[in-house]
Amino acid sequence: MKTAVLITIGDEILSGNTVDTNSNFIATQLKEIGIKVLSIFTIPDEESTIVSTLAMAFEMADVVFTTGGLGPTKDDITKKAYADFFEDEMIFSDEIYEHLRAYLEKRKRLWILEHNKDQAMVLSKAKIFLNYFGTAPCMILEKNGTYCFSLPGVPYEVKPLVKDQIIPFLKEKLSLDHIVTRIVSVVDIPESILSETIEEWELALPKHISLSYLPVGTRVKLRLTASGSSQELLNTELENEITKLFLLIGENIIATQEDKIEKILGELLTEKKLTISVAESCTGGELAHLITSVSGSSNYFLGSVVTYATQKKIDLLNVNPKTVEEFTVVSEQVASEMAIGCQNLFKTDISVSTTGVAGPGKGEDGKDVGTVFYTIRIGNQETTSKLFLPHLERLDFMNFVSQKVIQDIVSLLIKK
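Residues numbered from 1 in each chain as written. Predicted model: local features only at pLDDT ≥ 70, side-chain atom pairs only at ≥ 80, totals over all residues. Heavy atoms only, no water.

Asks: Teacher, can you tell me more about helix 2 (residues 22–32) here?
Replies: An α-helical turn contains 3.6 residues, so a residue and the one three or four places further along point in the same direction. Along helix 2, the residues that are buried comprise Asn22, Ser23, Phe25, Ile26, Gln29 and Leu30. Viewed end-on, helix 2 has its buried residues packed into an arc of 165 degrees, placing them on one side of the element. In this structure, helix 2 carries Asn24 and Glu32 as exposed residues pointing more than 90 degrees from its buried face. Along its buried surface, helix 2 packs onto strand 1 (2–9), strand 2 (35–43), strand 3 (63–67), strand 8 (146–151) and helix 6 (155–173). Positive phi appears at Gly34, one or two residues downstream of helix 2, with a value of about 85 degrees. (Buried < 20%, exposed > 50% of the residue type's maximum accessible area, 1.4 Å probe, protein only. Helix = DSSP H or I, 4+ residues; strand = E, 2+ residues; numbered from the N terminus. Arc of directions from axis to C-beta. Contact = heavy atoms within 4.5 Å.)

Right, dumping it as structure tokens:
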């Protein structure tokens with residue numbers, strides 16, 4: 001199997017000011033063509049560090065990627081480090097300069113052409129992929145049979161360069177195995193118990209099939225990865241292994257294809273021709289965001305309301321003020337009435353409500369931080385649940401609750 005090392009260059013990544021999404025994207029793209037990422041390094045904008053990391057990466061892998069450090073400013077020194085490592089010199093490329101001029105002219109920014117002129121400076125040995133969404137081109141260099149790609153750091157520039165130019169290049173140049181992955185989503189069984197239950201099956205897996213445990217909230221994703229020369233054979237082998245798994249934990253499996261819980265829900269709602277609506281308080285719209293992040297969700301998601309203030313729960317969802325007075329706004333009774341009001345408002349088959357205290361301070365009714373009630377109504381049947389998550393920070397709390405609610409909807413629909 002061919003291997004890769006990814007190097008992210010930038011002080012802004014190390015400081016935490018910028019999140020490295022490029023590595024995740026590149027690794028995913030490489031996996032799909034049978035290239036395994038061995039390591040991901042994040043390093044500062046220091047020439048000596050870049051050179052030493054490149055040297056280490058070339059010892060490890062067949063393909064090396066760097067992202068970042070290719071801007072027009074003086075602190076962008078990646079090309080200097082490349083010149084040192086590859087023992088090459090920088091030359092001015094008329095082709096890149098003309099591409100840069102046309103790019104800036106099209107965007108009515110030709111006045112900054114001279115400020116970006118250094119972007120046309122590249123290593124003399126480099127093959128070039130033009131950047132159609134930015135000013136910094138991608139340099140491709142080869143040393144001792146290892147290919148190296150120097151990419152800019154802006155994600156919307158990286159993605160088309162990788163998908164449209166680098167991946168086809170690698171498929172043409174390298175002899176690649178196929179890698180096939182299946183995700184089995186397991187619920188209602190702790191990871192430690194799950195591991196014991198399937199231990200004999202796991203130990204009997206063929207050597208070319210690996211298993212990873214990926215906990216997500218209260219769900220465990222079992223990722224099966226197979227590599228080999230025949231994609232059809234790999235798919236058949238994985239299907240056979242999943243069939244064996246069903247004999248052990250079938251009642252705990254909610255999906256065997258999709259990775260994200262919101263996509264699993266989308267497939268179920270589409271298959272069953274059901275609609276859904278959401279009334280949120282403590283999750284602040286995160287639940288609706290997850291559901292609508294799936295392409296095609298307009299076919300089943302009809303709408304949502306974020307009734308953050310108590311009075312809006314009363315005004316928009318017809319929650320009874322006496323219910324709030326007697327049980328407080330963070331209660332199973334209010335969650336139930338919110339779900340009923342939401343279902344009536346949007347006329348959906350399914351409605352969901354959340355009410356709780358995301359923190360960091362206690363709720364207006366004195367409930368402890370991390371307390372949440374949520375109701376799921378499917379037709380006239382409803383299920384109300386309580387969670388207590390005092391250890392989670394506010395945004396983590398919102399995401400965890402939203403993920404758990406969707407997971408519960410999926411479990412209920414599968415059982416129906």
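The discussion continues.
Asks: Could you clarify how one ought to interpret unusual backbone geometry in this entry?
Replies: Both trends apply: most residues other than glycine have a negative phi, and most peptide bonds are in trans. Residues other than glycine seldom take positive phi values, yet Asn144 does so here, at roughly 55 degrees. Within the secondary structure layout, Asn144 lies in the loop between strand 7 (138–143) and strand 8. Of note in this structure, Lys347 is not a glycine but carries a positive phi near 55 degrees. Following the sequence through the fold, Lys347 ends up in the loop between helix 14 (332–346) and strand 15 (350–356).

Asks: Quick question: what am I supposed to make of the environment of Ile350 here?
Replies: By the element assignment, Ile350 lies in strand 15. Looking at Ile350, the relative accessible area reads 0%, which means it is buried. For the pair Ile350 and Ala83, spaced 267 residues apart in sequence, the C-alpha to C-alpha distance is 60 Å.

Asks: Mind showing me how you'd approach the packing of helix 12 (residues 310–317) against helix 14 here?
Replies: Between two packed helices, both the angle of their axes relative to each other and the distance between the axes serve to describe the pair. Here helix 12 crosses helix 14 at 40 degrees, and the two axes come no closer than 9 Å. Taken together, the axes of helix 12 and helix 14 lie oblique to each other. Here helix 12 and helix 14 pass one another in a crossing that is left-handed. Taken together, the residues of helix 14 that come into contact with helix 12 (itself represented by Lys313, Leu316 and Leu317) are Val334, Glu337, Met338, Gly341, Cys342 and Leu345. Considering only residue class, the contact of helix 12 with helix 14 consists of 6 nonpolar, 1 polar and 2 charged. (Axes fitted to C-alpha atoms, helices over the stretch in contact; angles between N-to-C directions. Parallel < 35°, antiparallel > 145°, perpendicular 65-115°, else oblique. Left-handed = near helix turned anticlockwise from the far one by under 90°. Nonpolar A, V, L, I, M, F, W, Y, C, P; charged D, E, K, R; others polar.)

Asks: What should I look at first to understand the pattern of salt bridges in this one?
Replies: When their charged atoms lie close together, side chains carrying opposite charge are able to pair. Applying the stated criterion to the full structure yields 7 salt bridges. A salt bridge links Lys221 to Asp259; its shortest N-O distance comes to 2.4 Å. A residue pair is termed long-range when its members are at least 10 positions apart, and Lys221 in strand 11 (residues 219–228) and Asp259 in the loop between strand 12 (253–255) and helix 10 (261–272) qualify at 38 residues. Judged by relative accessible area, Lys221 falls into the buried class, the value being 11%. (Salt bridge = Lys/Arg side-chain N within 4 Å of Asp/Glu carboxyl O.)

Asks: Could you clarify how one ought to interpret the sheet that holds strand 17 (residues 381–388) in this entry?
Replies: Across a sheet, strands are paired by hydrogen bonds formed along the backbone, either parallel or antiparallel in direction. Read from one edge to the other, the open sheet built from 5 strands follows the order 14-13-15-16-17, with strand pairing classed as mixed. Since the sheet does not close on itself, it has two edges, and those belong to strand 14 (301–306) and strand 17, each with one partner. The sheet shows a mean angle of 10 degrees between the axes of neighbouring strands, taken without regard to direction. As paired elements, strand 16 (residues 371–378) and strand 17 share 8 bridges and run antiparallel to each other. Following the sheet pairing, Phe373 is matched in strand 17 by Lys386. Of the strands in this sheet, strand 13 (276–280), strand 15, strand 16 and strand 17 touch helix 15 (residues 394–415), which is tilted by about 30 degrees from strand 16. (Pairing = 2+ DSSP bridges.)

Asks: Mind showing me how you'd approach the pairing of strand 15 here?
Replies: Both faces of the sheet carry side chains from a regular strand, because those side chains alternate between them. With respect to burial, strand 15 is a largely interior element, 7 of its 7 residues being buried. The alternating pattern of strand 15 places Ile350, Val352, Thr354 and Gly356 and Ser351, Ser353 and Thr355 on opposite faces, both of which are buried. Across 4 bridges, strand 13 lies against strand 15 in parallel orientation. Note that in strand 15 the partner of Ile276 across the bridge is Ile350. In this sheet, strand 16 lies alongside strand 15 in antiparallel orientation, the contact comprising 7 bridges. Residue pairing in the sheet places Gly356 in a bridge with Val372 of strand 16.

Asks: Would you explain the sheet that holds strand 11 in this entry?
Replies: Taken in spatial order, the 4 strands line up as 10-11-9-12 in an open sheet, and their pairing is antiparallel. Pairing within the sheet leaves two strands with one partner each, and these edge strands are strand 10 (209–216) and strand 12. Across the sheet, the mean angle from the axis of one strand to that of its neighbour is 30 degrees, orientation sign disregarded. Two elements, strand 9 (residues 178–186) and strand 11, share 9 bridges in a ladder whose sense is antiparallel. Residue pairing in the sheet places Ser185 in a bridge with Lys221 of strand 11.

Asks: What exactly am I supposed to notice about the packing of aromatic side chains here?
Replies: For any pair of aromatic rings, the description rests on two quantities: the centre-to-centre distance and the angle between the ring planes. For the structure shown, the criterion picks out 9 aromatic pairs. Here the aromatic rings of Tyr147 and Phe169 are separated by 5.3 Å at their centres, their planes lie at 90 degrees, and the arrangement is edge-to-face. With Tyr147 in strand 8 and Phe169 in helix 6, this pair connects stretches of sequence that are 22 residues apart. For Phe169, a relative accessible area of 9% puts it in the buried group. (Phe/Tyr/Trp six-rings, centres within 6.5 Å; stacked < 30°, edge-to-face > 60°.)

Asks: In this structure, what is going on with the nonpolar core? I would like to understand it.
Replies: Soluble globular proteins tend to bury their nonpolar side chains together. One finds Ile276, Ile291, Ile350, Phe397 and Leu413 to be the most contacted residues of the largest nonpolar core, which totals 37 residues. Those elements that place two or more of their residues in this core are strand 12, helix 10, strand 13, helix 11 (286–292), strand 15, strand 16 and helix 15. A per-element tally of this core places helix 15 first, with 8 residues. Both domains that meet at this core, namely domain 2 (178–255) and domain 3 (261–415), each give it at least three residues. Counting residues in each nonpolar core, the second largest holds 32 residues, with Val5, Ile7, Ile43 and Val122 among its members. (Core = buried A, V, L, I, M, F, W, Y, C linked by side-chain atoms within 4.5 Å. Domains from an automatic or database assignment.)

Asks: In this structure, what is going on with the environment of Ser93? I would like to understand it.
Replies: Here Ser93 is to be found in the loop between strand 4 (90–92) and helix 5 (94–106). Residues Ser93 and Gln403, 310 residues apart in the sequence, show an inter-C-alpha distance of 50 Å. Excluding its chain neighbours within four sequence positions, the residues that come into contact with Ser93 are Ala120 and Val122.

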